[in-house]
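# Structural characterization, general
Given next are the chains, with one letter for each unit.
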Amino acid sequence: MVKAALVLALAFLAGAGTAHAGPESCLRGHSRSDACQRMLRDYWLHEAAITAIARHYGLEPALLKALVAVESGFDAFARSPANARGLTQVLPATAAGVGLQAPEQNLYRPELALAAGAAYLRQMWFEFQAWDLALAAYNAGPGAVKKHGGIPPFRETQAYVPKVLSLYREFALAEAMSR
């Protein structure tokens, strides 16, 4: 029942935004490509773990879902050119810094990648006390946020923060509508 209601809520939200490239286009129903179908399948595969791990780390599940959507499109085997890995696209050194053992391999294990990403995001929240800055630090590093006194002027980070926050609001609304 809840899963069906969430699907209906996400479908409702599909009409609320304009078409964009990337995972948000799939989540908003603007594309029915094979890649989008794979992403939606992967969303449902990982949805329960994302919710449980977000709650464990004191995060709203909608926020972690939005981060995962933007970071990896829910692909547990995603790897960036910078060597960030897994669902949350955490660098191995960062994952080791939050306590993940053997991060080179374990970031491809969904629950461990989610835990590393959630722990790091929570750490950034405690450091910056604002979600926009915490997300900017997650993306560009806390040093860049400190150096620039806010969201760094990097094109990727400037696009990343509003994209995650927008999807966060949509996931939160979809979850509220499914209750």
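Glancing now at the overall build of the protein chain. Helices and strands together make up the secondary structure of the protein chain, namely 10 helices and 0 strands. Shown N-terminal to C-terminal, the secondary structure of the protein chain runs as helices and strands in the order α-α-α-α-α-α-α-α-α-α. When the 179 residues of the protein chain are sorted by exposure, 50% land in the buried category. Sequence-distant contacts, at least 24 apart, represent 46% of the contacts inside the protein chain between residues at least 6 apart. On the protein chain, roughly 8,900 Å² of surface is accessible, and the fraction owed to carbon and sulfur atoms is 57%.

A word on the confidence of the model for the protein chain. In low-pLDDT regions, the fine details of the predicted coordinates are not to be read closely. In this model, the protein chain carries an average pLDDT of 89, and 88% of its residues clear a pLDDT of 70 or more. Segment residues 4–20 is flagged for pLDDT under 50; beyond a separation of four residues in sequence, or across chains, it makes 27 contacts in the model.

Below, the discussion takes up the pattern of salt bridges. The tally for this structure, following the rule as stated, stands at 4 salt bridges. Put simply, Lys65 and Glu47 hold a salt bridge, and the shortest N to O gap is 2.9 Å. Separated by 18 residues along the polypeptide, Lys65 in helix H4 (residues 61–72) and Glu47 in helix H3 (residues 34–56) bring together distant segments of the chain. The two residues Lys65 and Glu47 agree in class, both being buried. Salt-bridge contacts for Lys146 lead to Glu127; the nearest nitrogen and oxygen are separated by 2.6 Å. Remark: Glu127 occurs in helix H7 (residues 110–128) and Lys146 occurs in helix H9 (residues 142–148); sequence separation between them is 19 residues. The class of Lys146 is exposed, set by a relative accessible area of 54%. By relative accessible area, which is 34% here, Glu127 ends up partly exposed.

A word on the side chain of Glu175. Within the fold, Glu175 resides in helix H10 (residues 155–177). Separated by 2.8 Å, the side chains of Glu175 and Lys65 make a polar contact.

Okay, the packing of H7 against helix H8 (residues 131–140) next. Viewed as axis vectors pointing N to C, H7 and H8 meet at an angle of 130 degrees, and their least axial separation amounts to 8 Å. Here H7 lies oblique to H8, going by the angle between them. The handedness of the crossing between H7 and H8 is right-handed. Residues Gly117, Tyr120, Leu121, Met124, Trp125 and Phe128 of H7 lie in contact with H8, whose contacting residues are Trp131, Leu133, Ala134, Leu135, Ala137 and Tyr138. Looking at side-chain class alone, the contact of H7 with H8 contains 11 nonpolar, 1 polar and no charged residues.

What counts and how
- Residues numbered from 1 in each chain as written.
- Predicted model: local features only at pLDDT ≥ 70, side-chain atom pairs only at ≥ 80, totals over all residues.
- Heavy atoms only, no water.
- Helix = DSSP H or I, 4+ residues; strand = E, 2+ residues; numbered from the N terminus.
- Buried < 20%, exposed > 50% of the residue type's maximum accessible area, 1.4 Å probe, protein only.
- Contact = heavy atoms within 4.5 Å.
- Areas by Shrake-Rupley, 256 points an atom, 1.4 Å probe, with all protein chains shown as cover.
- pLDDT = per-residue confidence, 0-100.
- Salt bridge = Lys/Arg side-chain N within 4 Å of Asp/Glu carboxyl O.
- Polar contact = N/O pair within 3.5 Å; in protein donor to acceptor, adjacent residues only side chain to side chain.
- Axes fitted to C-alpha atoms, helices over the stretch in contact; angles between N-to-C directions.
- Parallel < 35°, antiparallel > 145°, perpendicular 65-115°, else oblique.
- Left-handed = near helix turned anticlockwise from the far one by under 90°.
- Nonpolar A, V, L, I, M, F, W, Y, C, P; charged D, E, K, R; others polar.

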